[in-house]
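Given next are the chains, with one letter for each unit.
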Amino acid sequence: MEPGTIRKLDEAVVNRIAAGEIIQRPANALKEMIENSLDAKSTSIQVIVKSGGLRSLQIQDNGTGIRREDLEIVCERFTTSKLQKFEDLSTIDTYGFRGEALASISHVAQLTITTKTRHEKCAYKASYEDGKLKGQIKPCAGNQGTQITVEDLFYNVPMRKQALKAPNEEFQKILDVVSKYAVHNPQTAFMLKKFGENASVRTQAKSTVESNINLIYGSSVGKALLKINIDDEILQLKAEGHVTNVNFTLKKAIFILFINHRLVESVNLKKAIDQIYSLYIPKGMSPFIYLSIELHPNNVDVNVHPTKHEVHFLHEDAIMEKITEAIESILLGGNVSRTFYTQALLPGASNPTDSPKLNESGSGGDKSRLDYKFVRTSHNDQKLDKFFGNNVSRNVSITENKQVATPQRVKCHRDTKLTSVINLRKAVEDECDRDLRKIFSELAFVGVVDRTRALIQYDTKMFLTSTRVLWEELCYQMLLFNFANLSKMSFTKPLPLHELASLALQDPESGWTEEDGPKPALVERIVEILTDKALMLREYFNLCISIDGKLEAIPILVNDYTPSMVYLPMYILRLATEVEWDEEQECFRTFCRETAKFYAKIALSKKDQEYKWEVEHAIYPTIKQYLLPPIAFTKNGALLQVANLPDLYRVFERC
């Protein structure tokens, strides 16, 4: 069989293919036109739809309009007033930038533009087909702004037209787009209606986000809103929005996300927020979420997808963590009336170690024992995942750090005679709360809630635990009590400290400013500090640094647990800057604290299956065996009682 001949596609075919990537349905076309209207500083946008936008889709605004001399090329591909050179993408502050929206629409529909600028005496009307001006530009009467009419969408792409939904369903997608932009742009009046019918959306100019949410999505949503504000200079992050409290739920989630005022989707962020709400609202129900996130333009790549529905941005894990923490905090603060939140564990509460008494025979198998006194006693009983069909097994490979080799075990055990370490150990023992220790030593693991929390059971009580808080404290204690006896995890290829430090200083979390001095000099200083302490770090902690400044190994604190290597650069930076190297006891304390923080942080990039396995089979078994919980855990939310079986039975008895 002879190979086929490669030919250049006809320009009309190329343009139609490109248009199909951008204009997938009427709602996509409308989104592009709304963004053009907003870029034109419009304070009023009106949309009229026929047959779900397939027969006719008209948008009219009162913006700056289009100049008469620009009408000839306005529908040609890559013609735009918003971008001059590629480097401008790094500071783009408009919705449009590629100059493809109107061109793409004109290749799959009949397009007519009527427009007037402030300086022109009359409006001008022009029609387009396949990106080219069709006929003459005609003067006509009209107000300042632009009216665009799209007719017979996909008339020349029958397969695309057949694949679309019914007109009513297409209108619902248009309604969704207009509603979201109306919420995010309360300074602009929006109106959407079907031809010949009353308006489906009508908002006023100079309104507020809250008013528009209340008007569009209903008063029940509006009454349940909680406001969020985030301003993080280190991450160059500003975010504001509204979420519903946990007393309100929807059958279908409403998630509105704008990044740098661009309507986008983020599966990872939505998933992280859903995990928070899953603890507080019934299964199968969802919240209302509106978030507006502003990042430095240099940190956002908007040129990812033809529809601009996706963006990529730096420090995604840290930003998502900041946002989810803010949402969880506002949920806790906004729902104090719910018993779930006011049941913080120990301060002022009855002694959790006062277990319900057994019958006199002491036999757990006696039929006279009440149902509510049958409790989970084994870590191997059914877990929370059983009820969601997600049983976790260890059939996963550790892929986050493929350079990690097989751990090397120490062959002997020696105790330390250093007074400083002995004092630090004693401080841990003195601060230990014995009641809490009993709870943790007899816990039965129930299941993972999300990346930061889990459920455990002690006797007839169920507790919500902050995994990261517990894990960080345990790592600190493991470093102290296994001082000079730690195993190590070796890197197949040693990692240059110079590169790790450079990466860390590029991270906004480092807090670097020009006043701190040039980055290259700081990098050299970091490498110098750590290589100077290399012998001590290797001997006491099995953190191995070569004489040429390469990280060869890090300690193993718990078997079967791998720290998230995405935080390794920042860990190296903090070792050099946050550890008190000049005084022995403070040196060991601060080193152990910084190391514990590194081991306790879980990257969102770590797979759920891997993380859940580590939590159940490595973290909580070690907590159960070794953790000496400080009394501070009774006040910092590390442990919250969420249910007590006898109390639940009393509730059911009254029903």
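As shown above, the structure is provided for reference.
The paragraphs below set out a description of the structure included in this document. As the structure is a computational prediction, the values presented were derived from the model and not from experiment.

Some points on the pattern of salt bridges
And step 1. Scanning the entire structure with this criterion turns up 23 salt bridges.
And step 2. Residue Arg-67 pairs with Glu-69 through a salt bridge whose shortest N-O separation is 3.4 Å.

Focus: a negative patch on the surface
And step 1. On the surface, Glu-578, Glu-580, Asp-582, Glu-583 and Glu-584 cluster together to form a negatively charged patch.
And step 2. If you trace the backbone, Glu-584 turns up in helix α18 (residues 584–600).
And step 3. According to the relative accessible area criterion, Glu-584 is partly exposed, its value standing at 41%.

A word on unusual backbone geometry
And step 1. Residue Asn-260 is not a glycine yet carries a positive backbone phi of 50°.
And step 2. Mapping Asn-260 onto the fold places it in the loop between β11 (254–259) and β12 (262–263).

Brief notes about the packing of helix α15 (residues 519–532) against helix α17 (residues 568–578)
How two helices sit against one another is set out by the angle between their axes and by the gap between those axes.
And step 1. The N-to-C vectors of α15 and α17 enclose an angle of 75°; their axes lie 9 Å apart at closest approach. Relative to α17, the element α15 is oriented roughly perpendicular. Counted together, Ile-526, Ile-529 and Leu-530 of α15 and Ile-572, Leu-573, Leu-575 and Ala-576 of α17 form the full contact between these two elements.
And step 2. Grouping the amino acids of the contact of α15 with α17 by side-chain chemistry returns seven nonpolar, no polar and no charged.

Examining the environment of Arg-589
And step 1. Looking at the secondary structure, you find Arg-589 in helix α18.
And step 2. Along the primary structure Arg-589 and Leu-480 are separated by 109 residues, whereas in three dimensions their C-alpha atoms are 8.4 Å apart.
And step 3. Aside from chain neighbours lying at most four places away, what touches Arg-589 is Leu-424 and Tyr-476.
And step 4. Side chain to side chain, Arg-589 and Glu-586 meet in a polar contact 2.8 Å long.

So, the sheet that holds strand β7 (residues 189–194)
And step 1. Reading across from one edge, β5-β4-β3-β6-β2-β1-β7-β8 is the order of the eight strands in this open sheet, with mixed pairing throughout. In this open sheet, the two edge strands, each paired with only one partner strand, are β5 (132–140) and β8 (199–202). For this sheet the average axis-to-axis angle between neighbouring strands, irrespective of direction, equals 10°.
And step 2. Note that strand β4 (residues 123–129) and β5 share six bridges and pair antiparallel. The residue bridging Lys-125 from the neighbouring strand is Lys-138, located in β5.
And step 3. Packed onto the sheet, helix α2 (residues 26–39) meets β1 (44–50), β2 (56–61), β6 (145–151) and β7 and runs at close to 10° relative to β2.
And step 4. Lying on the sheet, helix α5 (residues 167–184) is in contact with β1, β2, β7 and β8; it crosses β7 at an angle near 175°.

A closer look at the sheet that holds strand β10 (residues 237–244)
And step 1. If you trace the five strands from one edge of the open sheet to the other, you get β9-β10-β13-β11-β12, paired in mixed fashion. Only two strands of the sheet have a single partner each, and these edge strands are β9 (225–232) and β12.
And step 2. Pairing of β9 with β10, which is carried by eight bridges, proceeds in the antiparallel orientation. Directly across from Leu-226, in β10, lies its bridge partner Val-243.
And step 3. Here helix α8 (residues 267–278) sits on the sheet in contact with β10, β11 and β13 (288–295), set at roughly 135° to β13.

Remarks on the pairing of strand β17 (residues 453–458)
And step 1. Of all six residues in β17, six are buried; the element is thus mostly enclosed.
And step 2. The side-chain alternation of β17 yields two buried faces, one formed by Arg-453, Leu-455 and Gln-457 and the other by Ala-454, Ile-456 and Tyr-458.
And step 3. Of the pairings in the sheet, the one linking strand β16 (residues 444–448) to β17 comprises four bridges and is antiparallel in character. Following the sheet pairing, Phe-445 is matched in β17 by Ile-456.
And step 4. Hairpin connection from β16 to β17: four residues lie between these consecutive antiparallel strands.
And step 5. Joining the antiparallel neighbours β17 and strand β18 (residues 461–466) is a turn of two residues, in which Asp-459 adopts a positive phi near 55°.

Side note on helix α11 (residues 419–431)
And step 1. For α11, built from 13 residues, the straight-helix expectation of 18 Å at 1.5 Å per residue is met to within 8% by its first-to-last C-alpha distance of 18 Å.
And step 2. Within α11 the residues assigned to the buried category are Ser-420, Val-421, Leu-424, Arg-425 and Val-428. Looking down the long axis of α11, one finds its buried residues gathered within 135° of arc, a one-sided arrangement. For α11, exposure combined with an orientation more than 90 degrees from the buried face picks out Thr-419 and Asp-430.
And step 3. Where α11 is buried, its residues touch α13 (467–481) and α18.

Here's the deal with the packing of helix α16 (residues 534–541) against α18
And step 1. Look at α16 against α18: their axes get within 13 Å of each other, and the N-to-C directions meet at 70°. With respect to α18, the element α16 is oriented roughly perpendicular. Along the contact surface, α16 presents Met-536, Leu-537, Tyr-540 and Phe-541, while α18 presents Cys-587, Phe-588, Phe-591 and Cys-592.

Points about the nonpolar core
And step 1. Core analysis: the largest hydrophobic core is formed by 83 residues, its most contacted members being Leu-530, Phe-541, Leu-551, Leu-568, Phe-591, Tyr-620 and Ile-623.
And step 2. Grouped together as the second largest cluster of nonpolar side chains are 57 residues, Ile-45, Leu-57, Val-201 and Ala-224 included.

The rules we used
- Residues numbered from 1 in each chain as written.
- Predicted model: local features only at pLDDT ≥ 70, side-chain atom pairs only at ≥ 80, totals over all residues.
- Heavy atoms only, no water.
- Salt bridge = Lys/Arg side-chain N within 4 Å of Asp/Glu carboxyl O.
- Patch = residues over 30% accessible without salt bridge, like charges linked within 9 Å, V, L, I, M, F, W, Y side chains within 5 Å.
- Areas by Shrake-Rupley, 256 points an atom, 1.4 Å probe, with all protein chains shown as cover.
- Lys, Arg positive; Asp, Glu negative; His and termini not counted.
- Charge placed at Lys NZ, Arg CZ, Asp CG, Glu CD.
- Helix = DSSP H or I, 4+ residues; strand = E, 2+ residues; numbered from the N terminus.
- Buried < 20%, exposed > 50% of the residue type's maximum accessible area, 1.4 Å probe, protein only.
- Axes fitted to C-alpha atoms, helices over the stretch in contact; angles between N-to-C directions.
- Parallel < 35°, antiparallel > 145°, perpendicular 65-115°, else oblique.
- Contact = heavy atoms within 4.5 Å.
- Nonpolar A, V, L, I, M, F, W, Y, C, P; charged D, E, K, R; others polar.
- Polar contact = N/O pair within 3.5 Å; in protein donor to acceptor, adjacent residues only side chain to side chain.
- Pairing = 2+ DSSP bridges.
- Expected span 1.5 Å × (residues − 1).
- Arc of directions from axis to C-beta.
- Core = buried A, V, L, I, M, F, W, Y, C linked by side-chain atoms within 4.5 Å.

Limitation: the analysis is restricted to geometry and does not speak to function.
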